[in-house]
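A look at the structure
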Amino acid sequence: MPRSRALASSKKLFNIDATAKLRLGFAVLLTLLPQISSAQNSSVKTEIKQSWQLPGLQSKAQILVDNWGVPHIYAENEADLFFAQGFNVARDRLFQIDLWRRRGLGQLAEVFGPSYLEQDKAARAFLYRGDMKQEWAVYGSQAQTLSKSFVAGINAYIDYLSKNPEALPPEFKVMQYQPAKWQVEDVVRIRSHGLTRNLTSEVARAKLACTGNLALDEVRQSLSHDWKTQVPAGLDPCLPDDVLHQFTLATQNVIFDANSRRVSQTTQPTTLAMLGYDTGTETQEGSNNWVIAPAKSSTGRAIMANDPHRAYSTPSLRYITHLSTPGLDVIGAGEPALPGISIGHNGSIAFGLTIMAIDQEDLYVYELNPSNPQQYRYQGKWENFIQHSETFKIKGQPDQQVYLPFTRHGPMIYLESDKNRAFAVRTAWLQAGMAPYFGSVDYMRANNFAQFKKAMLHWGAPTLNQVYADTKGNIGWAPGGMTPIRRNWDGLLPVPGDGRYEWSGFLSGDKLPSSYNPRSGWFASANEMNLAKDYPQKDRKLGFEWPLPARYQRIAEVLGQDKKISIEDSMRLQNDVFSLPAKRLVTLVMSVSNTLKNKDETQQKALAVFKDWDYFEHADSPAAALFQVWLTQTLAPAYKNIMLGSQTGLVTSMPDMTRMLQNLDSVSHFPAQFGNTSQIARAARDELLLSSLSMAYQGLERLQGKDTKNWRWGALQKTPFKHAMSAIVDPNTRAQFDVGNLPRGGSANTVNQSSFRLQDFVQLNGPSFRVVIDVGNWDNSRAINTPGQSGDPASPHYRDLAASWANGDYFPLLYSRKAVEENTGQRFELIPVK
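Residues numbered from 1 in each chain as written. Predicted model: local features only at pLDDT ≥ 70, side-chain atom pairs only at ≥ 80, totals over all residues. Heavy atoms only, no water.

1. Concerning the overall build of the chain
- The number of helices and strands found in the chain is 26 helices and 30 strands.
- Against the 2.2 N^0.38 benchmark of 28 Å for 834 residues, the chain shows a C-alpha radius of gyration of 27 Å, consistent with a compact globule.
- For the chain, the C-alpha atoms occupy an extent of roughly 85 × 70 × 55 Å along the three principal directions.
- Out of the 834 residues in the chain, the part that is buried amounts to 62%.
- A sequence separation of at least 24 residues applies to 73% of the contacts in the chain between residues at least 6 apart.
- Roughly 31,600 Å² of accessible area belongs to the chain as shown, and the carbon and sulfur atoms make up 49% of that amount.
- Where the 87 positive side-chain charges of the chain centre and where its 79 negative ones centre are 2 Å apart. (Helix = DSSP H or I, 4+ residues; strand = E, 2+ residues; numbered from the N terminus. Rg over C-alpha atoms; globule rule 2.2 N^0.38 Å. Buried < 20%, exposed > 50% of the residue type's maximum accessible area, 1.4 Å probe, protein only. Contact = heavy atoms within 4.5 Å. Areas by Shrake-Rupley, 256 points an atom, 1.4 Å probe, with all protein chains shown as cover. Lys, Arg positive; Asp, Glu negative; His and termini not counted. Charge placed at Lys NZ, Arg CZ, Asp CG, Glu CD.)

Here it is as structure tokens:
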């Protein structure tokens, strides 16, 4: 596929016929069976496609679906508006939200059979079990009311399907079950779908502490602020290998096995494993966002840009919606199963989010009573486990009653009988007001920074960097997230659950940093460590684990130029694949090679591929292919071998990039593992770089042939948008459900982020949704949501945005009623029953 390095002009972005041609031109790449209907020309008068008479509505509501699949919902009051939002998402994404609900509530076995019972038990353990009145109050006075309307709308569509079974989405027909009705509490009780941290890191760190050399963990994850952790008093860090099995079941997606529909691990491809390469996994849930002040903007208005990075799937994990009623007119993306909008604008302000690395989780380790394993030691006494009775419905079998054990800290996830120990999780996201993303129902109503920041003071999960821009030209940053206060430890390792390590409440939201109208004229975040030097981090201990700041550094490099930034500049930056780690490492290996007298032929061939490379990891780049094979398949594993020796197997992911780059690019202070003198260490470093590069070159020859001109990064890295049921349907149905594979550029540390499986370069997550908002000239805003807006494989909007997304293109995120009417492709009416 020819690369489109430059984004389409504003004129092209609004040219519907050009967009249709682009989709058709990309059809060969998609290799999918259904014909894609082109977007309707705005000059064609649309007709009402369907209307429904529905009990529960007060007045008529309209849903206008534009030519890019975005539903614009208009109602005369808020109750009808959120009813219509629920009805519409059920119309367009019912299987997705039904599966989300069943997974979260632990009701999979009811329809999929007994092999899902263990996942159901795990999910039930992590439901919110507190006071519901307190829960609703945290989100604002209207949260429960609008949720009732939203759920009523979903249930109204399910009622419609019960009378019109021919309209049932195909997934239910394949799996032979009916969608379930919702309760309003379902919206907020489910917590296990949020982005979690840092429980898995605690366990990974404990594995290295178990060896007696905790310092080795710096190879896996470096700590900010020169922080040095230590093993908490009373902790035996040698944990069971599968101590997090139940936690993983509780938080993972539903995975269907091709033979039995059972939960299974992802199939491990063998392509790179057969070449002897690392077969671990490397994922990075992240995001980018920035705001530009009018003085820095070419439009003379503020700009807000956001591209959150989530797991790729079909349909997308986010859904773009426009909600309009007197007093509320908000548009943008949100979680399909939740009311409201979490990223977008409301006609006065624009807002966008990235993840901020606040630590909200701890693993507690308990000594059990040898005489009564139903008790654990706490403050010198034996305390009973709390037993919650749960009844599980199981397809084809009698119901089962199960007692789930809890400690005072949270659900017990593991019993280690031979060591007389138990393990439980304490997590902030089981507190009141912590339903992931639901807090947006409050901040989406804000009209100024003071109101927005007030809403963020109570934000719970996930922990976020929120950026803000308004029509008056103000920009700002308001982080949010419930932060445990750990007075006598840092949260980086598990701790004994005997009372010595207790949270002392939560940090007040106003103790988090913020920014308003910075002098630079812009603000950005990309998950980097963004606490100021004078922030009292060592006292407040928000978190010490942050990713390499390469994406932020590239964003800052572009936004910090002495020029005004346009909407198009922001779109280009979101699609930017310039790699700062590539520039650093290639420059280093070139300088090392220049010092050699005797030069290896393979090394010279490899270095020739890098000659004149501009460090952009485009999909058609031979140099990008070689660099990523070198970095992830030979250099990183070899580096881990040197640093960890016999303990290498304890770190299955990529090593910490921050520390690895520092160690490799050192002038004189090399790690001790490289050698006991500077000269020996430098020679070891040079040998590591050059020998691993030769191995990468030889491996890529086997993968893509001897002619380096034919090497392509996008021939290795592909993006498949897999449907949840892909593995269990026949090939023809799979072709209807799945989208891709799309050749991809970029990598984990480019702004256009692309995290992939190490064993086969299959892209796991990235920016499926992007938005750039022209604050004040709203119809000039742009967005994309791949592979399409709809979850219905028969819909023209199921896969119609994949080609545009892959090319870095966008569609207009229309806001004014006039622009929406001119670009309406489908029109639905919801009519109250008289």
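2. Remarks on the packing of aromatic side chains
- With the rule as written, the count across this model stands at 49 aromatic pairs.
- Centre to centre, the rings of Tyr139 and Phe438 are 4.7 Å apart; their planes meet at 90°, and the pair counts as edge-to-face. Of the two residues, Tyr139 sits in the loop between α7 (132–138) and α8 (143–163) while Phe438 sits in the loop between β17 (421–427) and α13 (440–443), which places them 299 residues apart along the sequence. Judged on exposure class, the residue Tyr139 and its partner Phe438 are both buried.
- Geometrically, the ring pair formed by Trp713 and Phe756 is edge-to-face, given 5.7 Å between the ring centres and 75° between the ring planes. Taken as a pair, Trp713 in helix α23 (residues 713–716) and Phe756 in strand β25 (residues 755–756) lie far apart in primary sequence, 43 residues in all. Each member of the pair, Trp713 as well as Phe756, is classed as buried.
- Note that Arg318 overlies the ring of Tyr437, its terminal NZ or CZ placed 5.3 Å from the centroid.
- The ring of Tyr74 carries the charged tip of Arg817 above its face, separated from the ring centre by 3.9 Å. (Phe/Tyr/Trp six-rings, centres within 6.5 Å; stacked < 30°, edge-to-face > 60°. Lys NZ or Arg CZ within 6 Å of the ring centre and 35° of its normal.)

3. Focus: the sheet that holds strand β26 (residues 763–766)
- Spatially, β6-β26-β25 is the arrangement adopted by the three strands of the open sheet, whose pairing is antiparallel. With one partner strand each, in any of the chains shown, β6 (310–311) and β25 form the two edges of the open sheet.
- Judged from the two bridges that link them, β6 and β26 form a sheet pairing that is antiparallel. Bridging from a neighbouring strand, Ala311 pairs with Asn765 of β26. (Pairing = 2+ DSSP bridges.)

4. Concerning the side chain of Asn465
- In this structure, Asn465 sits in strand β18 (residues 464–470).
- Reaching out from Asn465, the side chain makes a polar contact with the backbone oxygen of Ile355 at a distance of 3.3 Å.
- Sequence-distant contacts of Asn465, that is, excluding residues within four places in its chain, are made with Asn289, Gly352, Leu353, Thr354, Ile355, Met356, Trp477, Pro479, Ser525 and Asn530. (Polar contact = N/O pair within 3.5 Å; in protein donor to acceptor, adjacent residues only side chain to side chain.)

5. Looking at the pattern of salt bridges
- Taken as a whole and assessed by the stated rule, the structure comprises 42 salt bridges.
- In this structure, Asp159 engages Lys181 in a salt bridge whose closest nitrogen and oxygen atoms are separated by 2.9 Å. Of the two residues, Asp159 sits in helix α8 while Lys181 sits in the loop between α9 (170–175) and α10 (186–189), which places them 22 residues apart along the sequence.
- On the accessibility criterion, Asp159 (35% relative accessible area) is partly exposed.
- Across the pair Glu822 and Lys818 runs a salt bridge whose closest N-O atoms are separated by 2.7 Å. Placement of the pair is Glu822 and Lys818 together in helix α26 (residues 817–822), with a separation of four residues, close to one helical turn. (Salt bridge = Lys/Arg side-chain N within 4 Å of Asp/Glu carboxyl O.)

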